[in-house]
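# Descriptive analysis of the structure
The primary structure of each chain is shown beneath.
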Amino acid sequence: MKHIILTLLFFGLTFSACKKKDIDFIMTGQVSALNNGANISNVSIQAYTSSLSNNLPKLVGTTTTDASGNYELKIERSKFELLTLKLNKDNYFEGIKTYSFDDLTTAQENETQHSLSPKAFTHFIVKSNTNNQLKIQKISGKTDCEACCANGIYIYEGPIDTIVSCANDGDTYMKFYWWKYGPGGNNVLANGVDSIYNNAFQTIDYNFDF
């Protein structure tokens, strides 16, 4: 009788352990730099769950990447529809990736790959001691961040002395056209096209004197 009880207890504990393991989603993967493919260590990863009926994100896990850019994160299998991973590291743009509940499995690890883009900046230094006008048309470069400048036309009239900061993905180009006009936007005094190569983690000054 004692042997039977111990056997049942053993199988009960084994079943409980297996059941506990099965209710966890295991997220694993690697984070690399978008510009050169190098692995990124010490990336902060936060996991949030949400549903269509209640889209208020709930923080369910955090971790950081190791020296090789690898990470592992356990997410309890609960009632949610979307799992969002947010990746952050100083001098990189935030990375966000969302997974549907149906895309996840408890049968094996959910392997993912992430890329973060290094930050870079252009400072347009705009100066004029006259009443002339400057028009810049930005036609390429990063646009989907808080510090980014939208593609489009920007007009400045003198006298002026200001700095316009535009973020860009590191190791990519930012291209723009420019025109210098007389007072009131009349008479084209000069015009041209140029592009700036934004090295990762650096800021480039570009001067406009009109």
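To be clear, the structure that these remarks concern was listed above.
What counts, and where the lines are drawn
- Residues numbered from 1 in each chain as written.
- Predicted model: local features only at pLDDT ≥ 70, side-chain atom pairs only at ≥ 80, totals over all residues.
- Heavy atoms only, no water.
- Phe/Tyr/Trp six-rings, centres within 6.5 Å; stacked < 30°, edge-to-face > 60°.
- Helix = DSSP H or I, 4+ residues; strand = E, 2+ residues; numbered from the N terminus.
- Buried < 20%, exposed > 50% of the residue type's maximum accessible area, 1.4 Å probe, protein only.
- Lys NZ or Arg CZ within 6 Å of the ring centre and 35° of its normal.
- Salt bridge = Lys/Arg side-chain N within 4 Å of Asp/Glu carboxyl O.
- Core = buried A, V, L, I, M, F, W, Y, C linked by side-chain atoms within 4.5 Å.

Here we come to the packing of aromatic side chains. Per the counting criterion, the structure on display carries 13 aromatic pairs. With a centroid separation of 5.5 Å and an interplanar angle of 85 degrees, the aromatic rings of Phe 25 and Phe 101 are classed as edge-to-face. Remark: Phe 101 occurs in the loop between strand 6 (95-100) and strand 7 (110-116) and Phe 25 occurs in strand 1 (residues 24-33); sequence separation between them is 76 residues. Considered together, Phe 25 and Phe 101 belong to a single accessibility category, that of buried residues. For the ring pair Tyr 173 and Tyr 197, a centre distance of 4.9 Å and an interplane angle of 65 degrees mean the geometry is edge-to-face. Here the residue Tyr 173 occupies a position in strand 12 (residues 172-181), and Tyr 197 occupies one in strand 13 (residues 188-198), the gap between them amounting to 24 residues. Aromatic ring contacts, followed pair by pair, group Phe 124, Phe 176, Trp 178, Tyr 206 and Phe 208 into a single cluster. Sitting above the plane of the Trp 179 ring, Lys 135 keeps its charged end 4.6 Å from the centroid.

Tallying each qualifying case throughout the model produces two salt bridges. Close ionic contact of Asp 144 with Lys 142 constitutes a salt bridge, the shortest N to O distance being 2.9 Å. Owing to a relative accessible area of 59%, Asp 144 belongs among the exposed residues under this scheme. Note that Asp 169 is salt-bridged to Lys 142, the shortest N-O span being 3.5 Å. One end of the pair, Asp 169, is in strand 11 (residues 160-169); the other, Lys 142, is in the loop between strand 9 (133-138) and strand 10 (152-157), with 27 residues separating them in the sequence. As far as the burial class goes, Asp 169 and Lys 142 line up, both buried. Within this structure, Lys 142, Asp 144 and Asp 169 form a network of salt bridges that share partners.

Another aspect to go through is the nonpolar core. Judged by nonpolar contacts, the single largest core of 20 residues is most densely connected at Met 27, Leu 73 and Leu 85. Listing elements by their share of this core, those giving two or more residues are strand 1, strand 2 (44-50), strand 4 (70-76) and strand 5 (82-88). Ranked by size, the runner-up nonpolar core spans 15 residues in total, among them Tyr 156, Met 174, Phe 176 and Phe 208.

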